[in-house]
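# Topology and contacts: notes
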Number of protein chains: 6
Amino acid sequence: DFMNALTEVRPAYGVSEAELEEAVRLGIIPYSPHIDSTIEEMMRVVGMIKEDPNKFSTSVLFHGPRSSGKTALAAHIAMQSGFPFVKLITPADLVGYRDDFAKKDYVHKAFADAYKSPASILILDDFERLIGWNPIGMRCSEVMLQALTTLIVSKPPKNHRLLVFVTTSRASMLKMLEIDMDFAKKVAVPSVSSLDELRTVLRESRVFNPEDINEAVNLVRQDARTDKIGVGIKTVLDCIFEARAGGGPSAEIITTFSGLLVEKIQEMQA
Amino acid sequence: DFMNALTEVRPAYGVSEAELEEAVRLGIIPYSPHIDSTIEEMMRVVGMIKEDPNKFSTSVLFHGPRSSGKTALAAHIAMQSGFPFVKLITPADLVGYRDDFAKKDYVHKAFADAYKSPASILILDDFERLIGWNPIGMRCSEVMLQALTTLIVSKPPKNHRLLVFVTTSRASMLKMLEIDMDFAKKVAVPSVSSLDELRTVLRESRVFNPEDINEAVNLVRQDARTDKIGVGIKTVLDCIFEARAGGGPSAEIITTFSGLLVEKIQEMQA
Amino acid sequence: DFMNALTEVRPAYGVSEAELEEAVRLGIIPYSPHIDSTIEEMMRVVGMIKEDPNKFSTSVLFHGPRSSGKTALAAHIAMQSGFPFVKLITPADLVGYRDDFAKKDYVHKAFADAYKSPASILILDDFERLIGWNPIGMRCSEVMLQALTTLIVSKPPKNHRLLVFVTTSRASMLKMLEIDMDFAKKVAVPSVSSLDELRTVLRESRVFNPEDINEAVNLVRQDARTDKIGVGIKTVLDCIFEARAGGGPSAEIITTFSGLLVEKIQEMQA
Amino acid sequence: DFMNALTEVRPAYGVSEAELEEAVRLGIIPYSPHIDSTIEEMMRVVGMIKEDPNKFSTSVLFHGPRSSGKTALAAHIAMQSGFPFVKLITPADLVGYRDDFAKKDYVHKAFADAYKSPASILILDDFERLIGWNPIGMRCSEVMLQALTTLIVSKPPKNHRLLVFVTTSRASMLKMLEIDMDFAKKVAVPSVSSLDELRTVLRESRVFNPEDINEAVNLVRQDARTDKIGVGIKTVLDCIFEARAGGGPSAEIITTFSGLLVEKIQEMQA
Amino acid sequence: DFMNALTEVRPAYGVSEAELEEAVRLGIIPYSPHIDSTIEEMMRVVGMIKEDPNKFSTSVLFHGPRSSGKTALAAHIAMQSGFPFVKLITPADLVGYRDDFAKKDYVHKAFADAYKSPASILILDDFERLIGWNPIGMRCSEVMLQALTTLIVSKPPKNHRLLVFVTTSRASMLKMLEIDMDFAKKVAVPSVSSLDELRTVLRESRVFNPEDINEAVNLVRQDARTDKIGVGIKTVLDCIFEARAGGGPSAEIITTFSGLLVEKIQEMQA
Amino acid sequence: DFMNALTEVRPAYGVSEAELEEAVRLGIIPYSPHIDSTIEEMMRVVGMIKEDPNKFSTSVLFHGPRSSGKTALAAHIAMQSGFPFVKLITPADLVGYRDDFAKKDYVHKAFADAYKSPASILILDDFERLIGWNPIGMRCSEVMLQALTTLIVSKPPKNHRLLVFVTTSRASMLKMLEIDMDFAKKVAVPSVSSLDELRTVLRESRVFNPEDINEAVNLVRQDARTDKIGVGIKTVLDCIFEARAGGGPSAEIITTFSGLLVEKIQEMQA
Ligand SMILES: Nc1ncnc2c1ncn2[C@@H]1O[C@H](COP(=O)(O)OP(=O)(O)OP(=O)(O)O)[C@@H](O)[C@H]1O
Ligand SMILES: Nc1ncnc2c1ncn2[C@@H]1O[C@H](COP(=O)(O)OP(=O)(O)OP(=O)(O)O)[C@@H](O)[C@H]1O
Ligand SMILES: Nc1ncnc2c1ncn2[C@@H]1O[C@H](COP(=O)(O)OP(=O)(O)OP(=O)(O)O)[C@@H](O)[C@H]1O
Ligand SMILES: Nc1ncnc2c1ncn2[C@@H]1O[C@H](COP(=O)(O)OP(=O)(O)OP(=O)(O)O)[C@@H](O)[C@H]1O
Ligand SMILES: Nc1ncnc2c1ncn2[C@@H]1O[C@H](COP(=O)(O)OP(=O)(O)OP(=O)(O)O)[C@@H](O)[C@H]1O
Ligand SMILES: Nc1ncnc2c1ncn2[C@@H]1O[C@H](COP(=O)(O)OP(=O)(O)OP(=O)(O)O)[C@@H](O)[C@H]1O
Ligand SMILES: [Mg+2]
Ligand SMILES: [Mg+2]
Ligand SMILES: [Mg+2]
Ligand SMILES: [Mg+2]
Ligand SMILES: [Mg+2]
Ligand SMILES: [Mg+2]
């Protein structure tokens, strides 16, 4: 029961970061095989950085469209890692600092803290925002760009181990900045893609009963005039909540849900 | 009686912001069905952010041409929401601050204040001016752009609820900045469009008597040589005031009104 | 008698600003009907801002070629308004301030002062210089641009009334900056245009006697090979002064005047 | 005797500025009628600013190619003016100041000092360098540009009189900056142009005897293969000095002079 | 035995820089004749700077694709040099400094320290990052660029000797900055190129036994569909570690290794 | 004997600048007639500035390809001048200063010191680096550019004499900056050009005996497949030193020398 699961107490992990828990507040719905395989592959990398005698650090880029679950996945893996130090760095953490130098110091300190722990995971969330990317003129903060790209490839002190996760919905920006090759691993996090995947999400969300799910899926297929969803898991869940919030009989909720989702599908295709 | 209504005392709401009242000083004239439906839809969003167990925050963009009533509509909904904390942030609030860093701090503090309340609405009015947009060279304040876009998508602390309203008359600028997709909802606020809508505005403004209204509308149609008004509600009301201020017999006021409005219609079409 | 009038004591007005008087030191010569009609129209706006129950502030743009009398006209209307607070803000007032932030503070303070008065007129003279416009690269001071455009459209505190006059000889720059639509009213202030208008100016200036005026006008028409003057009133007056300063018999003064003016006519056409 | 004249004591003038004297150290050789006519015309402007009841200030631009004598002419006229306050502002005066703000303050102070005197002349020498013009990217100091252009058109306090002279060898730059029209008068200062003008310069410099002058002029005409000199008076004098410095019989000095000047003629034509 | 060698204690050298050792932690595998010849040539340069009576300083640029072993080679040669002062300067050393001025001071101090020693080697690692190169807009820190390029060509004090090593994976950037000619020597450090070179690396790494190596190489050739590897030695070693970390029977490790390497081969070719 | 000469004590000159001596440490080999004629011409300029009653200052630009001997020549002439004050200003002198303002102050102070002496020579070495030229975007330090170009053309105080030497290997940059015409004299310093010039250099360097020189020159001609050397004297000497440093029999040294030089010849032609 996915919805109830949200109120369950999660198993404790070494790092008391409410933010990490918040990032996966709606859980990880295995709506497609790629989700489990991604988690598995990442747990292998986690294992290597934990124990390999020759490999002490690496970096992984989680890239994919908006709302596809990049942050949740990175946070989920970090929480499963058992590393004694895990820290999520988001753009919101930086807003309060006066200027780019102060922002850089904050991030630098996070790495310095991580270096003190025998093994750490740092998640640099929304990389494009961390560097202050502006698509007009394709500008960004040089100070943050230089600091972050340097820190991502730098090595922790001798015998310390560090795993850096970076999330972005602008893989093309990283290519233009020619820093995409700085990541040892790249993990694609796609949108909810097929009607079957949508069906799974609806089922797991427990808002609809089985027949309703079929009707909802058919309505979406019919109105969107496509079998391709192309909308991130976060947005799909949002549509469910909004439809439910509208209230009324389940038929109405289905219609509202379908309307909201189709709008998003079309927005994405535009 | 619309004109008299302006002097009535409005029902008290939790937040003592004269500015909000000022923003809807001339009331909300329901000159078109889209106005009520927009208010309804927004009240549903307000309800969801108030109560949904899974959805604690969202953002809405009010976009439309100059003077179309964006600020008044956002302020009206915020005043109806019953949220304990409502704040309007306008470019004029920022003029006095020394530089962009001080401006950012002001906005950041507004968000911090909102986070302290269990449920809040923040209105970021005239987004293009808040970020200091300059169409020549398509430049803006990077500091404000990064801070505002980060704050708009950031989440309030656990179990706190936040609704962010943003108004702009430059939707295309937000597209170029690639931040239009950061808004969960987008609400179009169009100009007064048809002669019928114009008729309603004239009627509700109680400056003209019924026959005069017909004559005024005919005069406008005739002189503008179009059935499309395309002028914002605020400008239409301004033309009424200016015509009235000119004084003289009602025929003269009608002529003056029509002249002023037609000039605006043509200015808009140029 | 225009020249003598310059030494007359002007009727006192509420605001002790020698600068305003200085701006119309050479008086307002009604060399064309548009001058009286412009003054009339503006006095209507002045009246509306003084008394309308719904309209408390507006802004007017005086635009026209160099030396056409924009500043003098705006100052003249302000002095006639009877508003208790009138202030002229010119680029020269700002030169002494260290940087754009200090300049902004100066202008901001002028608005703050105006807000304290029940009714005020602020004249922002030479807008292009106030914002530090540089045609090469089409750059200007972002700080001043943002502050001024925000202040121009901002409203005074409740029940206070404010009229903002702005002068510029670069209307096209305002269009490029997309701020021309921020002005509720736009007033064109043209150059001295026809030979008849020139004749009136010469007559009112009392430097020449009637026959000389005819000769001067004929000389100008002949040498300039056009009936179009296209030179601002300020420049025409300058040519008169310079010719007079040369001294000698009136025939020589006429020749000198004609020579100087024709040079200016041709400079303007180039 | 031009060369001896250099050691004569000049008549005292009100302002103790060794720099002004230095600027005309090599005197003003009347090698062409335009020199006397320019001086005459300027003395008329000087007279007008001294006494006209309606005209208290104006500005003059001295423009011409490198080394053509712009600074010397402006300084010469200023010294002849009899104005109680005369000041020459050169780029070298500004080098020592920390940044553009300090440079602006220096110039601003010069104007403030001038305003204190009943009548003043300010010479802004080498305008392009005063504003820090860089032809690559066509950039300059915005701070200096805005301050200087504002000060040039600003008026002195009531009943004070100010004449501003500006020199530049980049008239086209002023056109691009759209400030060429800010000058009430423009004075062209051309190079030494014809062989006859060259002959006069050689004669007045008293380095060569009459036959030598003929030979020198013929040699130049022959080697340069043109009748057009196109080299500034300052450069012509430099070639004379350098040839003389080489020493030897007069034939050799003539050859050296001709060689140096022809090189400059060709450099200018390239 | 290459893998065991990693734990051996290295022969002491004059400079206690753990960083230098860390840079060659995985040793120098002589997988191609060019490696020995490069080292030889550089030892000759080292010798010259040690002893030549006319040559006291020079600079060498190590350039090549990512991960090709540039830093390790430069560090290896520096450690073999026997110079009393050797220092490695990396981008990570600079992250903590506030701004470019502080970064410049750090580097400047390193040179000043080197100048104090009779003979020194400075390694400027990752030159493109040291100067903060951003390929978008092709910008970099002017402060660092000017300081580094000046220091690289500057001479140590009389009778002091200095060898500067610079590494970069962006030789083309140096060409664009027109500083490639500032280096007296340029050393190309290529990727692992042929299957034979790959075989040598696999053999020296002692992870696979002889038959397995053959199978691995065949698998790579087959899957990559090319005989050209084009992947840096560091990346090849990483693939070995990751494959080993996956665990399981040697056949599986071979498959994993081949898969990982082929992915990198194709990434490089894209 | 050129090589031995390096250890000879140079004749003392008024200014105790080890740097000047260092700049000509390898002497001035008269490998071509242009060298003596350049020195002669410059000594004539030196003489003029020493004594002419009308000419107190001038500036000379030494321009030519990399390593052609510009700095050495300028330093040599300055040392021969007998001027009581001679100072060499190099980019390395400026590295330690915090920012461009501090660098400017350093240079300004050098000029101020020079102004105190009755006669001075200032050498501004590597002008492109002094102004921080960056070919990408063709940017430089505006502060340094403005200060240096102003100081170069400024005059010393009355009766003081100043000669400014500037060296650059980017004459085209000075043309783009439109400051090439600010120099009264321009001196071209070419590379070693012909095989005969090369032969002279080899002979004067005394490393090879006569037969070896012939062989070396033939080898170069043969391998470079051109009679044009096109490599600066400094680089040619470097090749000699490196070849000698390799040691071994003279045949080997010749081969090494030829190989190194041909590489440089080809690098220059690319
Ligand atoms: N399989 C899944 N993978 C990831 N997230 C999931 C999954 N199933 C459910 N979720 C939920 O969906 C949400 C994904 O949102 P998240 O913020 O991680 O997306 P994102 O890609 O980082 O978005 P953005 O582009 O805005 O950064 C989370 O609340 C998460 O709990
Ligand atoms: N239906 C309506 N919707 C919005 N405003 C209305 C309506 N009817 C009357 N008004 C009045 O019209 C005015 C609308 O002005 P408002 O400043 O909100 O426009 P705006 O679109 O924000 O303008 P701007 O583009 O300048 O920001 C307000 O005074 C409001 O009271
Ligand atoms: N009809 C008129 N309108 C305006 N000014 C007049 C008129 N008649 C005479 N004048 C005089 O002409 C002068 C106009 O100069 P003013 O500085 O106002 O022009 P301007 O357009 O502001 O010039 P600029 O483009 O330089 O700002 C004033 O001295 C004014 O007294
Ligand atoms: N007729 C003349 N007009 C001007 N200067 C003359 C004349 N005759 C002789 N001179 C001398 O020629 C020199 C002119 O140099 P000046 O510095 O004024 O030229 P400039 O045009 O200002 O040069 P630049 O373009 O470098 O600023 C002065 O020394 C002056 O004494
Ligand atoms: N022949 C070799 N040459 C260089 N490095 C080698 C060689 N053999 C093994 N290695 C090892 O390979 C690694 C090379 O990595 P190194 O960081 O020097 O590469 P790089 O070219 O500097 O990479 P980057 O482009 O990221 O700076 C080192 O760990 C080194 O010990
Ligand atoms: N005829 C010569 N002219 C100049 N230098 C010579 C000559 N003969 C020998 N040399 C020696 O050659 C070297 C020339 O180097 P120098 O640094 O002056 O060249 P440069 O052109 O300034 O180089 P760069 O372009 O790097 O500034 C000096 O060491 C000098 O002693
Ligand atoms: Mg995310
Ligand atoms: Mg609004
Ligand atoms: Mg004006
Ligand atoms: Mg001059
Ligand atoms: Mg490296
Ligand atoms: Mg040099």
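Heads up: the structure comes first, above all this text.
The text that follows walks through the structure, step by step, so that each part is easy to find.

Definitions and cut-offs
Each chain has its residues counted from 1, running along the sequence as written. Ligands are numbered from 1 and chains lettered from A, in the order in which they are written. Selection of residues for local features in this predicted model requires a pLDDT of at least 70, selection of side-chain atom pairs for listing and counting requires 80 or more, and totals for whole chains, interfaces and linings are taken over all residues. Based on all heavy atoms of the structure, the side-chain values leave hydrogens and waters out of the count. Should any heavy atoms of two residues lie within 4.5 Å, those residues are counted as being in contact. When two components associate, each loses some accessible surface as probed by a 1.4 Å sphere; the sum of these losses over both components is called the buried area. We define a salt bridge as a side-chain nitrogen of Lys or Arg found within 4 Å of a carboxyl oxygen belonging to Asp or Glu. Here a polar contact is taken to be a pair of N or O atoms separated by no more than 3.5 Å, where protein atoms must pair a possible hydrogen donor with a possible acceptor and residues adjacent in sequence count only if both atoms sit in side chains. What counts as a helix is a DSSP run of H or I of at least four residues, what counts as a strand is a run of E of at least two, and both are numbered from the N terminus. Residues are grouped as follows: Ala, Val, Leu, Ile, Met, Phe, Trp, Tyr, Cys and Pro are nonpolar; Asp, Glu, Lys and Arg are charged; all remaining types, including Gly, are polar. Only residues with pLDDT of at least 70 in both copies contribute their C-alpha atoms to the least-squares superposition of the copies. Near residues are defined by distance, with any heavy atom within 4 Å of the molecule or strand qualifying the residue. Exposure was quantified through the Shrake-Rupley algorithm and a 1.4 Å probe, taking into account, for residues, occlusion by the shown protein chains and nothing else. Here the expected span of a helix is defined as 1.5 Å times the quantity of residues minus one. Burial here depends on accessible area, computed with a 1.4 Å probe over protein chains only, as a share of the maximum for the residue type. Under 20% is buried, over 50% is exposed, and the range in between is partly exposed. Strands are treated as partners if at least two bridges between them are detected by DSSP. Throughout, an axis means a line fitted to C-alpha atoms (over the contacting stretch in the case of helices), and angles, computed between N-to-C directions, take values from 0 to 180 degrees. Only buried Ala, Val, Leu, Ile, Met, Phe, Trp, Tyr and Cys residues count toward a nonpolar core, and they belong to the same one when joined by side-chain atoms within 4.5 Å. Patch membership requires over 30% relative accessible area and the absence of a salt bridge. Like charges are linked within 9 Å, and nonpolar side chains (Val, Leu, Ile, Met, Phe, Trp, Tyr) within 5 Å. Working convention for charge: Lys and Arg count positive, Asp and Glu count negative, and His plus the chain ends are omitted. Think of each charge as sitting on NZ of Lys, CZ of Arg, CG of Asp or CD of Glu.

## Quick word on the interface of chain D and chain C
- At the interface, 34 residues of chain D touch 32 residues of chain C.
- Taken over both partners, the interface formed by chain D and chain C buries close to 2800 Å², and the fraction arising from carbon and sulfur atoms is 49%.
- Across the chain D-chain C interface, the total number found is eight salt bridges.
- Put simply, D:Asp182 and C:Arg129 hold a salt bridge, and the shortest N to O gap is 3.2 Å.
- Run the count over chain D and chain C and you get 14 residue pairs in polar contact (both at pLDDT 80 or more).
- Secondary-structure elements contributing two or more residues to the side of chain D that touches chain C are helix 3 (33–51), helix 6 (100–116), helix 8 (142–153) and strand 5 (185–188) of chain D.
- The element that contributes the greatest number of residues to the side of chain D that touches chain C is helix 8 of chain D, accounting for eight residues.

## Section: the interface of chain A and chain B
- Listed by partner, the interface residues are 32 residues for chain A and 34 residues for chain B.
- For chain A, the biggest contributors to the area lost against chain B are A:Val95, A:Arg129 and A:Ile136; these three give 23% of the whole.
- The tally of links from chain A across to chain B stands at nine salt bridges.
- As a salt-bridge pair, A:Arg170 and B:Glu178 come within 2.3 Å of each other at their nearest N and O atoms.
- At the boundary of chain A with chain B, the tally comes to 14 residue pairs in polar contact (both at pLDDT 80 or more).
- Sorting the residues of the side of chain A that touches chain B by element identifies helix 5 (91–94), helix 12 (233–246) and helix 13 (250–269) of chain A as the ones contributing at least two each.
- It is helix 12 of chain A that contributes the most residues to the side of chain A that touches chain B, six residues altogether.
- Considered class by class, the residues forming the side of chain A that touches chain B number 14 nonpolar, five polar and 13 charged.

## Description of the relation of the copies chain D and chain C
- When chain D is fitted to chain C, the residual RMSD is 0.0 Å, and the transformation amounts to a turn of 60° plus an axial shift of 0.0 Å. In the structure described here, the two chain copies are related by an operation that fits a six-fold rotation axis. Closest to the rotation axis within chain D is the C-alpha of D:Gly137, separated from it by 8.9 Å.
- A different interface surface on each copy is seen, since only 9% of the contact residues of chain D are contact residues in chain C too.

## Description of the arrangement of the chains
- In this structure chain D stays clear of chain E, and the shortest span between their C-alpha atoms is 16 Å.
- One thing to see here is that chain A and chain F don't touch, and their nearest C-alpha atoms sit 15 Å from each other.

## Description of the site of ligand 2
Residues and elements named next belong to chain B.
- Among the 18 residues in the neighbourhood of ligand 2, the closest are listed as Gly27, Ile29, Lys70, Thr71 and Ala72.
- Separating an oxygen atom of ligand 2 from a side-chain N or O atom of Lys70 is a distance of 2.7 Å.
- Between an oxygen atom of ligand 2 and a side-chain N or O atom of Lys234, the distance comes to 2.9 Å.
- For ligand 2, whose unbound accessible area comes to 630 Å², protein coverage reaches 92%.
- Of all elements in the fold, only helix 4 (70–80) and helix 12 (233–246) reach the threshold of two or more residues within the shell around ligand 2.
- Split by residue class, the shell around ligand 2 holds 10 nonpolar, five polar and three charged.

## Quick word on helix 3 (residues 33–51) of chain A
- With 19 residues, helix 3 of chain A extends 28 Å from end C-alpha to end C-alpha; this agrees with the ideal 27 Å at 1.5 Å per step.
- Of the positions making up helix 3 of chain A, those classed as buried are A:His34, A:Ile35, A:Thr38, A:Ile39, A:Met42, A:Val45, A:Val46, A:Met48 and A:Ile49.

## Things to note about the sheet that holds strand 3 (residues 119–124) of chain E
Residue and element names in this part refer to chain E.
- The five strands are arranged 2-3-4-1-5 in an open sheet whose pairing can be described as parallel. A strand with exactly one partner marks an edge of an open sheet, and here the two such strands are strand 2 (85–89) and strand 5 (185–188). Strand-to-strand twist of the sheet, defined as the mean angle between neighbouring strand axes without regard to direction, takes the value 15°.
- With six bridges joining them, strand 3 and strand 4 (residues 161–168) adopt parallel strand pairing. By the bridge assignment, Ser120 is partnered in strand 4 with Leu162.
- Packed on one face of the sheet, helix 4 (residues 70–80) meets strand 1 (57–63), strand 2, strand 3 and strand 4 and runs near 165° to strand 4.

## Section: the nonpolar core
- If you look at the biggest cluster of nonpolar residues, it comprises 59 residues, and the most contacted ones within it are B:Phe62, B:Phe165, B:Leu198, B:Val201, B:Leu202, B:Phe257 and B:Leu261.
- Those residues in contact with B:Val201 that lie beyond four places of it in its chain are B:Ile29, B:Tyr31, B:Val192, B:Ile233, B:Val236, B:Leu237 and B:Ile240.

## A word on a positive patch on the surface
- On the surface, C:Arg98, D:Arg98, E:Arg98 and F:Arg98 cluster together to form a positively charged patch.
- Looking at the element boundaries, F:Arg98 is found in the loop between helix 5 (91–94) and helix 6 (100–116).

## Remarks on the site of ligand 6
Residues and elements named next belong to chain F.
- Around ligand 6, a shell composed of 18 residues is seen, among which Gly27, Ile29, Lys70, Thr71 and Ala72 lie nearest.
- A distance of 3.2 Å separates an oxygen atom of ligand 6 from a polar atom in the backbone of Leu26.
- Note that an oxygen atom of ligand 6 is positioned 2.6 Å from one of the side-chain N or O atoms of Lys70.
- Protein contacts shield 91% of the accessible area of ligand 6, which totals 630 Å² for the unbound molecule.
- For the shell around ligand 6, the secondary structure elements donating two or more residues are helix 4 (70–80) and helix 12 (233–246).
- Grouping the constituent residues of the shell around ligand 6 by class yields 10 nonpolar, five polar and three charged.

## Quick notes on unusual backbone geometry
- Positive phi outside glycine occurs at D:Glu178, with the angle close to 55°.
- Along the polypeptide, D:Glu178 turns up in the loop between helix 9 (171–176) and strand 5.
- If you check the backbone angles, F:Met138 has positive phi at about 45° while not being a glycine.
- Structurally, F:Met138 can be placed in the loop between helix 7 (127–130) and helix 8 (142–153).
- You can call F:Met138 partly exposed: its relative accessible area is 31%.

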